[in-house]
Amino acid sequence: MADTKREIERKYESHDAALPDLTRVPGVASVRERGVTHLDATYHDTADQRLSAASITLRRRTGGSDAGWHLKFPVAPGVRDEIRAPLSDTLPDELAALVRSRVRDRELRPVVRLRSDRDVRHLLDDQGRLLAEVSVDTVHAERLTGAGGTARWTEIEVELADDGDPDVLDKVEKRLRKAGVRPSTSSSKLARALAETAPDAETAGGDGTPPATAPGAAPRHKHRPRPHGTPVTAGDHVLAYVRAQRDALVELDPAVRQDVPDAVHRMRVATRRLRSTFRSFRPVLDRAATDPVAADLKWLAAQLGADRDQEVLAERLTQALSRLPDDQITGPVADRLATWSEARHKGAHHQLVAVLDSRRHLTLLDTLDALLADPPLRKKAGAGPDKVLAKAVRKDFAKLAGLVEHALELAPGPERDTALHEARKKTKRTRYAAEAAAPALGEPAEKAVRDMKSLQSLLGDHQDSVMARRTLRELAAVAHAAGESDFTYGVLHAGEAHRARSDEEALPEAWSSISRTFPF
(Lines give C-alpha, C1' and ligand atoms only; values in the text may rest on other atoms or scores of the structure.)
Protein backbone atom coordinates (compact mmCIF):
# COMPACT_ATOMS: atom_id res chain seq x y z
CA MET A 1 0.00 0.00 0.00
CA ALA A 2 1.43 3.40 -1.01
CA ASP A 3 1.75 6.33 1.38
CA THR A 4 2.40 10.01 0.71
CA LYS A 5 4.94 12.33 2.30
CA ARG A 6 5.42 16.06 1.69
CA GLU A 7 9.11 16.65 0.97
CA ILE A 8 10.54 20.15 1.44
CA GLU A 9 14.23 20.37 0.60
CA ARG A 10 16.97 22.41 -1.01
CA LYS A 11 19.99 21.26 -2.97
CA TYR A 12 23.43 22.84 -3.19
CA GLU A 13 26.54 22.49 -5.29
CA SER A 14 29.51 20.99 -3.47
CA HIS A 15 33.07 20.39 -4.63
CA ASP A 16 34.00 18.36 -1.55
CA ALA A 17 32.43 16.62 1.41
CA ALA A 18 33.25 19.37 3.92
CA LEU A 19 30.42 21.19 5.67
CA PRO A 20 30.67 24.35 7.75
CA ASP A 21 29.91 24.22 11.47
CA LEU A 22 26.11 23.93 11.44
CA THR A 23 25.79 24.44 15.20
CA ARG A 24 26.22 28.11 14.35
CA VAL A 25 22.84 28.06 12.59
CA PRO A 26 20.35 29.89 14.86
CA GLY A 27 18.13 27.38 16.65
CA VAL A 28 20.45 24.42 16.07
CA ALA A 29 21.78 23.13 19.39
CA SER A 30 23.61 20.07 18.12
CA VAL A 31 24.50 18.09 15.00
CA ARG A 32 24.22 14.33 15.19
CA GLU A 33 26.21 12.16 12.79
CA ARG A 34 24.03 9.40 11.30
CA GLY A 35 26.68 7.68 9.21
CA VAL A 36 27.03 6.86 5.54
CA THR A 37 24.39 4.93 3.59
CA HIS A 38 24.78 3.47 0.11
CA LEU A 39 21.76 4.16 -2.11
CA ASP A 40 21.13 2.52 -5.48
CA ALA A 41 18.25 4.00 -7.48
CA THR A 42 17.00 3.22 -10.98
CA TYR A 43 14.81 5.91 -12.54
CA HIS A 44 12.08 5.01 -15.02
CA ASP A 45 10.58 7.10 -17.80
CA THR A 46 9.28 6.84 -21.36
CA ALA A 47 11.56 7.02 -24.39
CA ASP A 48 10.54 10.65 -24.93
CA GLN A 49 10.98 11.45 -21.21
CA ARG A 50 7.39 12.46 -20.52
CA LEU A 51 7.81 12.27 -16.75
CA SER A 52 11.03 14.25 -16.49
CA ALA A 53 9.58 16.89 -18.82
CA ALA A 54 6.91 17.44 -16.15
CA SER A 55 9.48 17.34 -13.30
CA ILE A 56 8.04 14.02 -12.14
CA THR A 57 10.43 11.31 -10.94
CA LEU A 58 9.76 7.60 -10.63
CA ARG A 59 12.44 5.39 -9.12
CA ARG A 60 13.12 2.02 -7.54
CA ARG A 61 15.67 2.42 -4.76
CA THR A 62 17.48 0.07 -2.44
CA GLY A 63 19.48 1.08 0.62
CA GLY A 64 18.53 3.46 3.39
CA SER A 65 15.47 3.38 5.61
CA ASP A 66 12.93 3.94 2.83
CA ALA A 67 13.87 1.36 0.20
CA GLY A 68 11.09 0.86 -2.32
CA TRP A 69 9.36 2.63 -5.18
CA HIS A 70 9.14 6.42 -4.99
CA LEU A 71 6.99 8.66 -7.20
CA LYS A 72 7.49 12.41 -6.78
CA PHE A 73 5.20 15.18 -8.03
CA PRO A 74 6.25 18.86 -7.95
CA VAL A 75 4.15 21.11 -5.73
CA ALA A 76 6.22 24.31 -5.63
CA PRO A 77 9.93 25.16 -5.95
CA GLY A 78 11.71 22.92 -3.47
CA VAL A 79 8.47 21.15 -2.49
CA ARG A 80 7.37 17.74 -3.76
CA ASP A 81 4.85 15.11 -2.75
CA GLU A 82 6.55 11.72 -2.56
CA ILE A 83 4.34 8.64 -2.86
CA ARG A 84 6.02 5.46 -1.67
CA ALA A 85 5.28 1.81 -2.30
CA PRO A 86 7.06 -1.29 -0.96
CA LEU A 87 10.07 -2.70 -2.79
CA SER A 88 9.18 -5.10 -5.59
CA ASP A 89 10.67 -6.27 -8.87
CA THR A 90 8.00 -4.58 -10.99
CA LEU A 91 6.31 -1.21 -10.82
CA PRO A 92 3.30 -1.36 -8.46
CA ASP A 93 -0.03 -0.89 -10.24
CA GLU A 94 -1.06 1.92 -7.90
CA LEU A 95 1.96 4.02 -8.95
CA ALA A 96 1.58 3.14 -12.62
CA ALA A 97 -2.00 4.46 -12.45
CA LEU A 98 -0.83 7.80 -11.03
CA VAL A 99 1.33 8.51 -14.10
CA ARG A 100 -1.09 7.14 -16.69
CA SER A 101 -2.28 10.56 -17.85
CA ARG A 102 1.35 11.34 -18.72
CA VAL A 103 2.53 7.97 -19.99
CA ARG A 104 -0.66 6.69 -21.65
CA ASP A 105 0.34 3.80 -23.95
CA ARG A 106 4.07 4.46 -23.82
CA GLU A 107 6.37 1.96 -22.13
CA LEU A 108 8.08 2.88 -18.88
CA ARG A 109 11.68 1.68 -18.86
CA PRO A 110 14.88 2.28 -16.88
CA VAL A 111 16.63 5.43 -18.09
CA VAL A 112 19.19 6.34 -15.40
CA ARG A 113 20.88 4.58 -12.51
CA LEU A 114 22.17 6.66 -9.60
CA ARG A 115 24.46 5.18 -6.97
CA SER A 116 25.08 7.52 -4.06
CA ASP A 117 27.09 7.45 -0.86
CA ARG A 118 24.98 9.57 1.50
CA ASP A 119 26.65 11.03 4.61
CA VAL A 120 23.79 12.13 6.86
CA ARG A 121 23.63 14.60 9.75
CA HIS A 122 20.60 15.55 11.87
CA LEU A 123 20.19 19.11 13.06
CA LEU A 124 18.58 19.11 16.53
CA ASP A 125 17.18 21.85 18.74
CA ASP A 126 17.88 22.19 22.48
CA GLN A 127 15.10 19.65 23.22
CA GLY A 128 16.66 17.06 20.94
CA ARG A 129 13.94 17.48 18.31
CA LEU A 130 14.83 17.06 14.64
CA LEU A 131 14.83 20.32 12.70
CA ALA A 132 16.31 19.19 9.39
CA GLU A 133 18.42 16.48 7.81
CA VAL A 134 21.58 17.48 5.99
CA SER A 135 23.28 15.01 3.68
CA VAL A 136 26.38 15.13 1.53
CA ASP A 137 25.77 12.90 -1.48
CA THR A 138 28.57 11.59 -3.67
CA VAL A 139 26.74 10.56 -6.82
CA HIS A 140 27.67 8.29 -9.72
CA ALA A 141 25.15 8.53 -12.58
CA GLU A 142 24.88 6.09 -15.46
CA ARG A 143 22.52 6.51 -18.41
CA LEU A 144 20.85 3.23 -19.28
CA THR A 145 19.67 4.20 -22.76
CA GLY A 146 21.43 5.35 -25.91
CA ALA A 147 25.20 5.60 -25.67
CA GLY A 148 25.14 5.11 -21.88
CA GLY A 149 27.15 8.09 -20.65
CA THR A 150 28.27 8.56 -17.04
CA ALA A 151 28.78 11.47 -14.66
CA ARG A 152 29.98 12.09 -11.10
CA TRP A 153 29.33 14.94 -8.69
CA THR A 154 28.88 15.82 -5.03
CA GLU A 155 25.93 17.76 -3.69
CA ILE A 156 24.47 18.87 -0.38
CA GLU A 157 20.81 18.25 0.37
CA VAL A 158 18.92 19.87 3.24
CA GLU A 159 15.47 18.40 3.98
CA LEU A 160 13.06 19.92 6.46
CA ALA A 161 11.81 17.63 9.24
CA ASP A 162 8.15 16.61 9.13
CA ASP A 163 5.99 19.54 10.30
CA GLY A 164 9.14 21.64 10.63
CA ASP A 165 9.40 25.40 10.36
CA PRO A 166 10.53 26.40 6.82
CA ASP A 167 12.54 29.24 8.37
CA VAL A 168 15.08 26.58 9.35
CA LEU A 169 15.95 26.10 5.68
CA ASP A 170 16.57 29.83 5.26
CA LYS A 171 18.89 29.86 8.27
CA VAL A 172 20.84 26.82 7.07
CA GLU A 173 21.15 28.32 3.60
CA LYS A 174 22.50 31.56 5.02
CA ARG A 175 25.19 29.60 6.83
CA LEU A 176 26.05 27.54 3.74
CA ARG A 177 26.26 30.61 1.51
CA LYS A 178 28.57 32.27 3.99
CA ALA A 179 30.83 29.23 3.63
CA GLY A 180 30.81 29.60 -0.17
CA VAL A 181 28.20 26.92 -0.93
CA ARG A 182 25.71 27.85 -3.65
CA PRO A 183 22.26 26.47 -4.60
CA SER A 184 22.25 23.77 -7.24
CA THR A 185 21.36 24.77 -10.78
CA SER A 186 19.52 21.46 -11.25
CA SER A 187 16.08 20.83 -9.81
CA SER A 188 16.85 17.19 -9.00
CA LYS A 189 19.50 14.51 -9.25
CA LEU A 190 17.67 13.00 -12.20
CA ALA A 191 17.60 16.30 -14.09
CA ARG A 192 21.34 16.69 -13.59
CA ALA A 193 22.02 13.09 -14.56
CA LEU A 194 20.01 13.40 -17.77
CA ALA A 195 21.81 16.61 -18.68
CA GLU A 196 25.33 15.39 -17.91
CA THR A 197 25.04 11.91 -19.44
CA ALA A 198 23.25 12.90 -22.64
CA PRO A 199 25.07 11.86 -25.82
CA ASP A 200 25.84 14.74 -28.16
CA ALA A 201 23.62 13.26 -30.86
CA GLU A 202 20.56 12.97 -28.61
CA THR A 203 17.89 15.63 -28.97
CA ALA A 204 15.14 16.70 -26.63
CA GLY A 205 12.40 15.10 -28.70
CA GLY A 206 12.95 11.58 -27.42
CA ASP A 207 12.01 9.03 -30.05
CA GLY A 208 11.53 11.65 -32.75
CA THR A 209 7.94 10.65 -33.50
CA PRO A 210 6.21 13.53 -35.32
CA PRO A 211 3.03 14.90 -33.73
CA ALA A 212 -0.21 13.32 -34.79
CA THR A 213 -2.92 15.28 -36.54
CA ALA A 214 -6.29 15.70 -34.87
CA PRO A 215 -8.82 13.41 -36.52
CA GLY A 216 -11.31 15.12 -38.80
CA ALA A 217 -9.34 18.35 -38.94
CA ALA A 218 -9.91 20.67 -41.86
CA PRO A 219 -7.00 22.08 -43.89
CA ARG A 220 -4.99 24.47 -41.76
CA HIS A 221 -4.76 28.18 -42.38
CA LYS A 222 -1.26 29.45 -42.99
CA HIS A 223 -1.10 31.31 -39.64
CA ARG A 224 0.79 29.36 -36.99
CA PRO A 225 0.73 30.05 -33.25
CA ARG A 226 3.87 31.21 -31.51
CA PRO A 227 5.19 28.30 -29.45
CA HIS A 228 6.85 30.54 -26.89
CA GLY A 229 6.54 34.05 -25.56
CA THR A 230 3.61 36.40 -25.09
CA PRO A 231 0.47 35.63 -27.15
CA VAL A 232 -0.14 38.21 -29.89
CA THR A 233 -2.91 37.11 -32.23
CA ALA A 234 -6.43 35.96 -31.42
CA GLY A 235 -5.31 32.42 -32.21
CA ASP A 236 -2.39 32.69 -29.80
CA HIS A 237 -4.69 33.69 -26.94
CA VAL A 238 -7.29 31.02 -27.58
CA LEU A 239 -4.66 28.29 -27.87
CA ALA A 240 -2.97 29.48 -24.65
CA TYR A 241 -6.29 29.02 -22.85
CA VAL A 242 -6.87 25.61 -24.44
CA ARG A 243 -3.35 24.54 -23.48
CA ALA A 244 -3.89 25.57 -19.86
CA GLN A 245 -7.05 23.45 -19.65
CA ARG A 246 -5.38 20.47 -21.33
CA ASP A 247 -2.59 20.75 -18.76
CA ALA A 248 -5.16 20.82 -15.95
CA LEU A 249 -6.78 17.58 -17.17
CA VAL A 250 -3.40 15.85 -17.17
CA GLU A 251 -2.10 17.29 -13.91
CA LEU A 252 -5.29 16.70 -11.91
CA ASP A 253 -5.53 13.03 -12.89
CA PRO A 254 -3.43 11.72 -9.95
CA ALA A 255 -5.33 13.88 -7.45
CA VAL A 256 -8.69 12.61 -8.73
CA ARG A 257 -7.48 9.01 -8.43
CA GLN A 258 -6.33 9.69 -4.85
CA ASP A 259 -9.68 11.30 -4.02
CA VAL A 260 -8.10 14.64 -3.09
CA PRO A 261 -10.81 17.15 -2.07
CA ASP A 262 -11.96 19.44 -4.88
CA ALA A 263 -9.89 17.59 -7.53
CA VAL A 264 -12.96 16.20 -9.31
CA HIS A 265 -14.55 19.66 -9.38
CA ARG A 266 -11.43 21.27 -10.83
CA MET A 267 -11.10 18.62 -13.54
CA ARG A 268 -14.75 19.00 -14.45
CA VAL A 269 -14.31 22.77 -14.75
CA ALA A 270 -11.38 22.21 -17.13
CA THR A 271 -13.57 20.07 -19.39
CA ARG A 272 -16.25 22.76 -19.38
CA ARG A 273 -13.76 25.48 -20.17
CA LEU A 274 -12.47 23.52 -23.14
CA ARG A 275 -15.95 22.83 -24.52
CA SER A 276 -16.97 26.44 -24.06
CA THR A 277 -13.82 27.68 -25.77
CA PHE A 278 -14.39 25.47 -28.79
CA ARG A 279 -17.95 26.81 -29.11
CA SER A 280 -17.29 30.48 -28.32
CA PHE A 281 -14.30 30.80 -30.63
CA ARG A 282 -15.47 28.94 -33.73
CA PRO A 283 -14.20 31.80 -35.92
CA VAL A 284 -10.72 30.93 -34.57
CA LEU A 285 -10.78 27.11 -34.34
CA ASP A 286 -12.38 24.97 -37.05
CA ARG A 287 -15.35 23.10 -35.60
CA ALA A 288 -14.77 20.18 -37.98
CA ALA A 289 -11.81 19.33 -35.74
CA THR A 290 -13.13 20.56 -32.39
CA ASP A 291 -16.70 19.20 -32.42
CA PRO A 292 -15.62 15.53 -32.00
CA VAL A 293 -13.29 16.56 -29.17
CA ALA A 294 -16.11 18.52 -27.54
CA ALA A 295 -18.31 15.43 -27.65
CA ASP A 296 -15.71 13.42 -25.74
CA LEU A 297 -15.27 16.28 -23.27
CA LYS A 298 -19.03 16.29 -22.65
CA TRP A 299 -18.85 12.56 -21.94
CA LEU A 300 -15.95 13.06 -19.51
CA ALA A 301 -17.74 15.92 -17.74
CA ALA A 302 -20.78 13.68 -17.23
CA GLN A 303 -18.60 10.98 -15.67
CA LEU A 304 -16.99 13.53 -13.36
CA GLY A 305 -20.39 14.98 -12.51
CA ALA A 306 -21.69 11.73 -11.07
CA ASP A 307 -19.26 12.14 -8.17
CA ARG A 308 -19.13 15.93 -7.95
CA ASP A 309 -22.88 16.57 -7.88
CA GLN A 310 -23.33 14.07 -5.06
CA GLU A 311 -20.44 15.66 -3.15
CA VAL A 312 -22.01 19.13 -3.39
CA LEU A 313 -25.43 17.87 -2.32
CA ALA A 314 -24.07 15.91 0.64
CA GLU A 315 -22.17 18.94 1.93
CA ARG A 316 -25.15 21.25 1.45
CA LEU A 317 -27.62 18.95 3.24
CA THR A 318 -25.20 18.16 6.06
CA GLN A 319 -24.65 21.84 6.75
CA ALA A 320 -28.38 22.56 6.63
CA LEU A 321 -29.05 19.75 9.09
CA SER A 322 -26.39 21.05 11.47
CA ARG A 323 -28.19 24.42 11.63
CA LEU A 324 -31.52 22.95 12.76
CA PRO A 325 -32.47 23.10 16.47
CA ASP A 326 -32.63 19.76 18.24
CA ASP A 327 -36.44 19.77 18.48
CA GLN A 328 -36.68 19.78 14.65
CA ILE A 329 -34.56 16.66 14.23
CA THR A 330 -36.49 13.41 14.55
CA GLY A 331 -35.13 10.02 13.58
CA PRO A 332 -31.63 9.00 12.42
CA VAL A 333 -31.44 11.69 9.72
CA ALA A 334 -27.72 12.34 10.09
CA ASP A 335 -26.87 8.64 9.92
CA ARG A 336 -29.09 8.06 6.89
CA LEU A 337 -27.60 11.08 5.13
CA ALA A 338 -24.04 9.89 5.88
CA THR A 339 -24.83 6.37 4.66
CA TRP A 340 -26.38 7.74 1.45
CA SER A 341 -23.41 10.00 0.84
CA GLU A 342 -20.72 7.39 1.50
CA ALA A 343 -22.37 4.69 -0.58
CA ARG A 344 -22.90 7.02 -3.54
CA HIS A 345 -19.37 8.38 -3.32
CA LYS A 346 -17.64 5.00 -3.19
CA GLY A 347 -19.52 3.73 -6.20
CA ALA A 348 -19.01 6.94 -8.18
CA HIS A 349 -15.30 7.13 -7.39
CA HIS A 350 -14.68 3.53 -8.41
CA GLN A 351 -16.44 4.17 -11.71
CA LEU A 352 -14.53 7.41 -12.26
CA VAL A 353 -11.14 5.72 -11.88
CA ALA A 354 -12.23 3.17 -14.49
CA VAL A 355 -13.11 6.06 -16.80
CA LEU A 356 -9.66 7.62 -16.37
CA ASP A 357 -8.11 4.27 -17.33
CA SER A 358 -10.39 3.85 -20.35
CA ARG A 359 -9.16 3.95 -23.92
CA ARG A 360 -11.64 6.72 -24.71
CA HIS A 361 -10.21 9.02 -22.07
CA LEU A 362 -6.56 8.37 -22.96
CA THR A 363 -7.35 8.89 -26.65
CA LEU A 364 -9.01 12.21 -25.73
CA LEU A 365 -5.77 13.38 -24.11
CA ASP A 366 -3.79 12.32 -27.18
CA THR A 367 -6.24 14.17 -29.42
CA LEU A 368 -5.90 17.36 -27.39
CA ASP A 369 -2.12 17.08 -27.69
CA ALA A 370 -2.42 16.67 -31.45
CA LEU A 371 -4.83 19.59 -31.73
CA LEU A 372 -2.37 21.86 -29.94
CA ALA A 373 0.59 20.57 -31.94
CA ASP A 374 -1.19 21.24 -35.26
CA PRO A 375 -4.11 23.55 -34.42
CA PRO A 376 -7.09 23.79 -36.80
CA LEU A 377 -6.87 27.56 -37.11
CA ARG A 378 -9.21 29.59 -39.29
CA LYS A 379 -8.47 32.87 -41.01
CA LYS A 380 -9.49 35.08 -38.08
CA ALA A 381 -6.93 33.33 -35.84
CA GLY A 382 -4.26 35.56 -37.36
CA ALA A 383 -6.13 38.76 -36.57
CA GLY A 384 -5.59 40.96 -33.55
CA PRO A 385 -7.44 39.84 -30.43
CA ASP A 386 -9.32 43.08 -29.74
CA LYS A 387 -12.10 42.59 -32.26
CA VAL A 388 -12.20 38.79 -32.51
CA LEU A 389 -12.22 37.96 -28.80
CA ALA A 390 -14.44 40.86 -27.74
CA LYS A 391 -16.99 39.92 -30.40
CA ALA A 392 -17.12 36.35 -29.10
CA VAL A 393 -17.76 37.54 -25.53
CA ARG A 394 -20.50 39.92 -26.73
CA LYS A 395 -22.16 37.15 -28.72
CA ASP A 396 -22.24 34.81 -25.72
CA PHE A 397 -23.62 37.56 -23.51
CA ALA A 398 -26.40 38.33 -25.98
CA LYS A 399 -27.51 34.68 -25.87
CA LEU A 400 -27.33 34.75 -22.08
CA ALA A 401 -29.51 37.86 -21.98
CA GLY A 402 -32.21 36.09 -23.95
CA LEU A 403 -32.19 33.12 -21.58
CA VAL A 404 -32.31 35.20 -18.40
CA GLU A 405 -35.10 37.45 -19.67
CA HIS A 406 -37.11 34.41 -20.78
CA ALA A 407 -36.71 32.81 -17.34
CA LEU A 408 -37.84 35.99 -15.59
CA GLU A 409 -41.05 36.00 -17.64
CA LEU A 410 -42.02 32.52 -16.41
CA ALA A 411 -44.01 31.77 -13.28
CA PRO A 412 -42.17 30.04 -10.43
CA GLY A 413 -42.13 26.29 -10.92
CA PRO A 414 -40.39 23.49 -12.83
CA GLU A 415 -40.38 25.33 -16.16
CA ARG A 416 -38.66 28.36 -14.65
CA ASP A 417 -36.24 26.07 -12.80
CA THR A 418 -35.21 24.53 -16.12
CA ALA A 419 -34.87 27.94 -17.78
CA LEU A 420 -32.70 29.25 -14.95
CA HIS A 421 -30.50 26.16 -15.20
CA GLU A 422 -29.99 26.83 -18.93
CA ALA A 423 -29.09 30.43 -18.10
CA ARG A 424 -26.59 29.18 -15.55
CA LYS A 425 -24.83 27.07 -18.18
CA LYS A 426 -24.69 30.01 -20.59
CA THR A 427 -23.32 32.21 -17.79
CA LYS A 428 -20.40 29.80 -17.42
CA ARG A 429 -19.73 29.88 -21.14
CA THR A 430 -19.68 33.68 -21.18
CA ARG A 431 -17.38 33.70 -18.17
CA TYR A 432 -14.93 31.27 -19.77
CA ALA A 433 -14.87 33.28 -23.01
CA ALA A 434 -14.04 36.39 -20.98
CA GLU A 435 -11.33 34.48 -19.09
CA ALA A 436 -9.68 33.47 -22.36
CA ALA A 437 -9.86 37.07 -23.56
CA ALA A 438 -8.67 38.69 -20.33
CA PRO A 439 -4.90 38.55 -21.03
CA ALA A 440 -5.53 40.46 -24.27
CA LEU A 441 -8.42 42.75 -23.34
CA GLY A 442 -7.53 43.58 -19.73
CA GLU A 443 -10.02 45.26 -17.39
CA PRO A 444 -13.17 45.00 -19.56
CA ALA A 445 -12.78 41.22 -19.78
CA GLU A 446 -11.81 40.97 -16.12
CA LYS A 447 -14.98 42.87 -15.17
CA ALA A 448 -17.00 40.52 -17.36
CA VAL A 449 -15.48 37.57 -15.49
CA ARG A 450 -16.43 39.12 -12.14
CA ASP A 451 -19.98 39.83 -13.34
CA MET A 452 -20.42 36.28 -14.59
CA LYS A 453 -19.02 34.78 -11.37
CA SER A 454 -21.56 36.77 -9.36
CA LEU A 455 -24.43 35.69 -11.60
CA GLN A 456 -23.19 32.11 -11.70
CA SER A 457 -23.14 31.99 -7.91
CA LEU A 458 -26.75 33.14 -7.69
CA LEU A 459 -28.01 30.78 -10.39
CA GLY A 460 -25.87 27.94 -9.05
CA ASP A 461 -27.34 28.26 -5.58
CA HIS A 462 -30.80 28.10 -7.09
CA GLN A 463 -30.02 24.96 -9.08
CA ASP A 464 -28.42 23.31 -6.04
CA SER A 465 -31.65 24.00 -4.16
CA VAL A 466 -33.66 22.32 -6.92
CA MET A 467 -31.45 19.22 -6.71
CA ALA A 468 -31.46 19.26 -2.89
CA ARG A 469 -35.26 19.24 -2.77
CA ARG A 470 -35.38 16.31 -5.18
CA THR A 471 -32.90 14.38 -3.03
CA LEU A 472 -34.78 15.18 0.18
CA ARG A 473 -37.99 13.81 -1.30
CA GLU A 474 -36.18 10.58 -2.19
CA LEU A 475 -34.60 10.26 1.27
CA ALA A 476 -37.93 10.98 2.97
CA ALA A 477 -39.58 8.19 0.99
CA VAL A 478 -36.86 5.73 2.02
CA ALA A 479 -37.11 6.80 5.68
CA HIS A 480 -40.90 6.49 5.64
CA ALA A 481 -40.71 2.99 4.15
CA ALA A 482 -38.31 2.02 6.96
CA GLY A 483 -40.78 3.22 9.59
CA GLU A 484 -38.79 6.37 10.45
CA SER A 485 -40.11 9.90 10.86
CA ASP A 486 -39.89 12.01 7.71
CA PHE A 487 -40.58 15.28 9.55
CA THR A 488 -37.00 16.59 9.41
CA TYR A 489 -36.76 15.99 5.67
CA GLY A 490 -39.84 18.18 5.28
CA VAL A 491 -38.25 20.92 7.38
CA LEU A 492 -35.12 20.82 5.25
CA HIS A 493 -37.22 20.81 2.07
CA ALA A 494 -39.08 23.93 3.23
CA GLY A 495 -35.77 25.64 3.95
CA GLU A 496 -34.51 24.86 0.46
CA ALA A 497 -37.73 26.12 -1.11
CA HIS A 498 -37.37 29.41 0.80
CA ARG A 499 -33.75 29.71 -0.34
CA ALA A 500 -34.77 29.21 -3.97
CA ARG A 501 -37.46 31.89 -3.71
CA SER A 502 -34.89 34.31 -2.27
CA ASP A 503 -32.57 33.63 -5.19
CA GLU A 504 -35.36 34.22 -7.70
CA GLU A 505 -36.35 37.47 -5.98
CA ALA A 506 -32.72 38.70 -6.08
CA LEU A 507 -32.21 37.83 -9.74
CA PRO A 508 -34.04 40.78 -11.46
CA GLU A 509 -31.99 43.43 -9.65
CA ALA A 510 -28.73 41.50 -10.06
CA TRP A 511 -29.35 41.00 -13.76
CA SER A 512 -30.36 44.63 -14.29
CA SER A 513 -27.11 45.80 -12.70
CA ILE A 514 -24.99 43.43 -14.77
CA SER A 515 -26.73 44.13 -18.09
CA ARG A 516 -26.46 47.93 -17.60
CA THR A 517 -22.73 47.88 -16.92
CA PHE A 518 -21.53 44.91 -18.99
CA PRO A 519 -18.28 46.20 -20.52
CA PHE A 520 -18.65 44.84 -24.04
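Residues numbered from 1 in each chain as written. Predicted model: local features only at pLDDT ≥ 70, side-chain atom pairs only at ≥ 80, totals over all residues. Heavy atoms only, no water.

A separate point is unusual backbone geometry. The backbone of Q49 shows a phi angle near 55°, a positive value even though the residue is not glycine. The phi dihedral of R104 is positive, around 55°, even though this residue is not glycine. Inspection of the secondary structure assignment puts R104 in the loop between α3 (100-103) and β6 (109-124). (Helix = DSSP H or I, 4+ residues; strand = E, 2+ residues; numbered from the N terminus.)

What follows covers the confidence of the model for the protein. Within the protein, residue pLDDT values average 91, and 93% of them lie at 70 or more. Confidence, read as mean pLDDT per element, is least for helix α9 (residues 333-357) in the protein (86) and greatest for strand β3 (residues 57-62) (98). This stretch, residues 201-219, has a pLDDT under 50; its non-local contacts, to residues over four places away or in other chains, come to 23 contacts. (pLDDT = per-residue confidence, 0-100. Contact = heavy atoms within 4.5 Å.)

Relative to the helices and strands, E9 is located in strand β1 (residues 3-14). Separated by 3.4 Å, the side chains of E9 and K11 make a polar contact. In this structure the side chain of E9 is engaged in a polar contact, spanning 3.2 Å, whose partner is the side chain of R80. When residues no more than four places from it in sequence are discounted, the contact partners of E9 are G78, R80, E157, V158 and E159. (Polar contact = N/O pair within 3.5 Å; in protein donor to acceptor, adjacent residues only side chain to side chain.)

In this section: the environment of A132. Looking at the element boundaries, A132 is found in strand β7 (residues 130-143). Overall, A132 belongs to the buried group, its relative accessible area being 0%. Measuring from C-alpha to C-alpha, the distance between A132 and Q258 comes to 28 Å, with 126 residues separating the pair along the chain. With residues up to four places along the chain from it excluded, the contact list for A132 reads R121, H122, L123, V158, E159, L160, A161 and V168. (Buried < 20%, exposed > 50% of the residue type's maximum accessible area, 1.4 Å probe, protein only.)

Quick look at the pattern of salt bridges now. Opposite charge on two side chains permits them to pair, given that their charged atoms come into close proximity. What the rule picks out here adds up to 54 salt bridges. Between R84 and E82 there is a salt bridge whose closest N-O contact spans 2.4 Å. One salt bridge in this structure joins R129 and D125, with 2.8 Å as the shortest N-O distance. When its relative accessible area of 52% is taken as the criterion, R129 is described as exposed. (Salt bridge = Lys/Arg side-chain N within 4 Å of Asp/Glu carboxyl O.)

Another aspect to go through is the sheet that holds β6. Spatial ordering of the closed barrel is given by β1-β5-β4-β3-β2-β6-β7-β8, a layout of 8 strands whose pairing is antiparallel. Each adjacent strand pair in this sheet contributes to an overall mean axis angle of 35°, direction not counted. The pairing of β7 with strand β8 (residues 150-160) spans 11 bridges and is classified as antiparallel. If you follow V134 over to β8, its bridge partner there is V158. Against the sheet, helix α4 (residues 167-178) engages β1, β6, β7 and β8, with an angle of about 15° to β1. (Pairing = 2+ DSSP bridges. Axes fitted to C-alpha atoms, helices over the stretch in contact; angles between N-to-C directions.)

Another point: the nonpolar core. Soluble globular proteins tend to pack their nonpolar side chains together in the buried interior. By size, the foremost hydrophobic cluster in this structure holds 69 residues, and its most contacted members are L249, F278 and V284. It is helix α6 (residues 234-257) that provides the largest number of residues to this core, a total of 11 residues. Apart from residues no more than four positions distant in its own chain, F278 is found in contact with V242, L285, T290, V293, A294, L297, L368 and L371. Among the nonpolar cores identified, the runner-up in size contains 17 residues, and L131, V134, V168 and L169 belong to it. (Core = buried A, V, L, I, M, F, W, Y, C linked by side-chain atoms within 4.5 Å.)

Let us now look at the side chain of T488. Here T488 lies in helix α14 (residues 487-517). A residue is classified by how much of its surface remains accessible, and T488, at 0% relative accessible area, is buried. A distance of 2.8 Å separates a polar atom in the side chain of T488 from the backbone nitrogen of T330. Non-local contacts of T488, meaning those with residues more than four positions away in its chain, are made with L321, L324, Q328, I329, T330 and V333.

Below, the discussion takes up the environment of L194. Note on placement: L194 falls in helix α5 (residues 189-197). As a C-alpha pair, L194 and V111 span 83 residues in sequence and 8.7 Å in three-dimensional space. Setting aside chain neighbours within four positions, we find L194 in contact with Q49, S52, V112 and R143.

Attention now goes to the packing of aromatic side chains. Tallying each qualifying case throughout the model produces 3 aromatic pairs. Ring geometry for F397 against F518: centres 3.7 Å apart, planes inclined by 5°, an arrangement best described as stacked. Taken as a pair, F397 in helix α11 (residues 385-409) and F518 in the segment after α14 lie far apart in primary sequence, 121 residues in all. Assigned by exposure class, F397 and F518 land together as buried. Between F518 and F520, the aromatic rings sit 6.1 Å apart at their centres with planes inclined by 55°, giving tilted as the arrangement. For F518, a relative accessible area of 11% gives the class buried. Put simply, the rings of F397, W511, F518 and F520 touch in pairs and so form one group of aromatic residues. (Phe/Tyr/Trp six-rings, centres within 6.5 Å; stacked < 30°, edge-to-face > 60°.)

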